[in-house]
Amino acid sequence: MANPYQVPPPPPAPRRRSGGNIIAVIVLAVIIIGGYAALQSFRKDDAKPTASTSASPSAKPTAKDPGSPESSSDTSSAWKVGDCGGPDPAKAPDGYKRTGCSDSGATFKAIDIKEASILPGSIQCPPGTDLMIQVSISYSGGKSSGIPTNTVCGRNLSNDHPGDAGAGGGQLVKGDCVTNQAKEVACGGSGAQKVLGLVKTEAECPSGTTDPIKLTISIGRPYDVICTDG
């Protein structure tokens, strides 16, 4: 006999359909793929370099490190030997830009192109270089910001050549003159000592050296001693 007070068991729960889960997964995948594509597009647009062509020269060589180049930076690229350049009026007073060699604003010609370096003293241009231009690519359009790519070794188009040996300018080379404080000066002046060699140690100085000048340490510079005739 059935118990009239017995509570019947609850009916079984209906089975869920899996179609809703599949749709949710598909929607989520579309959202993720769309977001990734948008991020990649943003990165590509952000990485495009600007067409800025500004320049700003750095300080001239100091007495402590006469091997440091007189350098400038130019954000235009693809310089070649034989190209000419001059002051950029839009970036006065320190700007430079590439120009045609017959242009009235051209003041120097590229005589060599060197790889850029974060250690300016490691870049050695050929004798006769009057100025050095550090070429860089700018991603922000700033006047002096950018990633260095090359260094242009330039020689003046005029008859003024401070980079010639003994003239008192440019990078220090054999045949230049310095004071006893290692400051480059024009030869022939009072206190000028002739540079007989640029070496790593005093023992490497050539014969005739009477006053080797030991420089402070500079990472990248190819010499640490200036051999002079005193």
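As a starting point, this report considers the structure included with it. What you are looking at is a predicted structure, and each value in this text was computed from that prediction instead of being measured.

Brief notes about the pairing of strand E6 (residues 147-156)
Stage number 1. Here strand E4 (residues 108-115) runs beside E6; their pairing, made up of seven bridges, is antiparallel. Bridge pairing in E6 links isoleucine 113 to valine 152.
Stage number 2. As paired elements, strand E5 (residues 131-137) and E6 share seven bridges and run antiparallel to each other. Pairing of valine 135 across the sheet is with asparagine 150, part of E6.

Some thoughts on the state of the cysteines
Stage number 1. Applying the stated criterion to the full structure yields four disulfides.
Stage number 2. Here cysteine 177 pairs with cysteine 187 through a disulfide, and the sulfurs are 2.0 Å apart. An S-S torsion of about 105 degrees defines the bridge between cysteine 177 and cysteine 187 as right-handed. Linking cysteine 177 in strand E7 (residues 177-178) with cysteine 187 in the loop between strand E8 (184-185) and strand E9 (193-199), this pair joins segments that are ten residues apart in sequence.
Stage number 3. Across the disulfide from cysteine 205 sits cysteine 227; the S-S distance is 2.0 Å. An S-S torsion of about -80 degrees defines the bridge between cysteine 205 and cysteine 227 as left-handed. Here cysteine 205 is found in the loop between E9 and strand E10 (213-214), whereas its partner cysteine 227 is found in strand E11 (residues 225-228), with 22 residues between them in sequence.
Stage number 4. In the protein, the bonded cysteines, numbered by position in the sequence, are linked as 1-2, 3-4, 5-6, 7-8.

Looking at unusual backbone geometry
Stage number 1. Unusually for a residue other than glycine, alanine 182 sits at a positive phi of about 70 degrees.
Stage number 2. According to the relative accessible area criterion, alanine 182 is buried, its value standing at 2%.

Quick look at the packing of aromatic side chains
Stage number 1. In this structure the tally under the stated criterion is two aromatic pairs.
Stage number 2. A ring pair is formed by tryptophan 79 and phenylalanine 108, whose centres lie 6.0 Å apart and whose planes are at 15 degrees; its orientation type is stacked. Of the two residues, tryptophan 79 is situated in the loop between strand E1 (71-74) and strand E2 (84-87) and phenylalanine 108 in strand E4; the sequence distance between them amounts to 29 residues. Here tryptophan 79 and phenylalanine 108 have matching classes, each one buried.
Stage number 3. Ring centres of tyrosine 96 and phenylalanine 108 lie 5.9 Å apart, and the angle between their planes is 75 degrees; this geometry places the pair in the edge-to-face category. Of this pair, tyrosine 96 sits in strand E3 (residues 96-99) while phenylalanine 108 sits in strand E4; the two residues are twelve residues apart in sequence, bridging distant segments of the chain.
Stage number 4. A relative accessible area of 1% means that phenylalanine 108 is categorised as buried.
Stage number 5. Through successive ring pairs, a cluster of aromatic residues spans Trp79, Tyr96 and Phe108.
Stage number 6. It is arginine 98 that lies over the ring of tryptophan 79; its NZ or CZ is 5.4 Å from the centre.
Stage number 7. The ring centre of tyrosine 223 lies 5.6 Å from the NZ or CZ of arginine 221, which sits over that ring.

Quick word on the sheet that holds E11
Stage number 1. Taken in spatial order, the five strands line up as E8-E7-E9-E11-E10 in an open sheet, and their pairing is antiparallel. The outermost strands of the open sheet, each flanked by one partner alone, are E8 and E10.
Stage number 2. Taken together, the two bridges between E7 and E8 define a ladder with antiparallel strand orientation. Among the inter-strand pairings, cysteine 177 is bridged to a residue of E8, identified as valine 185.

What counts, and where the lines are drawn
Residues numbered from 1 in each chain as written. Predicted model: local features only at pLDDT ≥ 70, side-chain atom pairs only at ≥ 80, totals over all residues. Heavy atoms only, no water. Pairing = 2+ DSSP bridges. Helix = DSSP H or I, 4+ residues; strand = E, 2+ residues; numbered from the N terminus. Disulfide = S-S within 2.5 Å. Buried < 20%, exposed > 50% of the residue type's maximum accessible area, 1.4 Å probe, protein only. Phe/Tyr/Trp six-rings, centres within 6.5 Å; stacked < 30°, edge-to-face > 60°. Lys NZ or Arg CZ within 6 Å of the ring centre and 35° of its normal.

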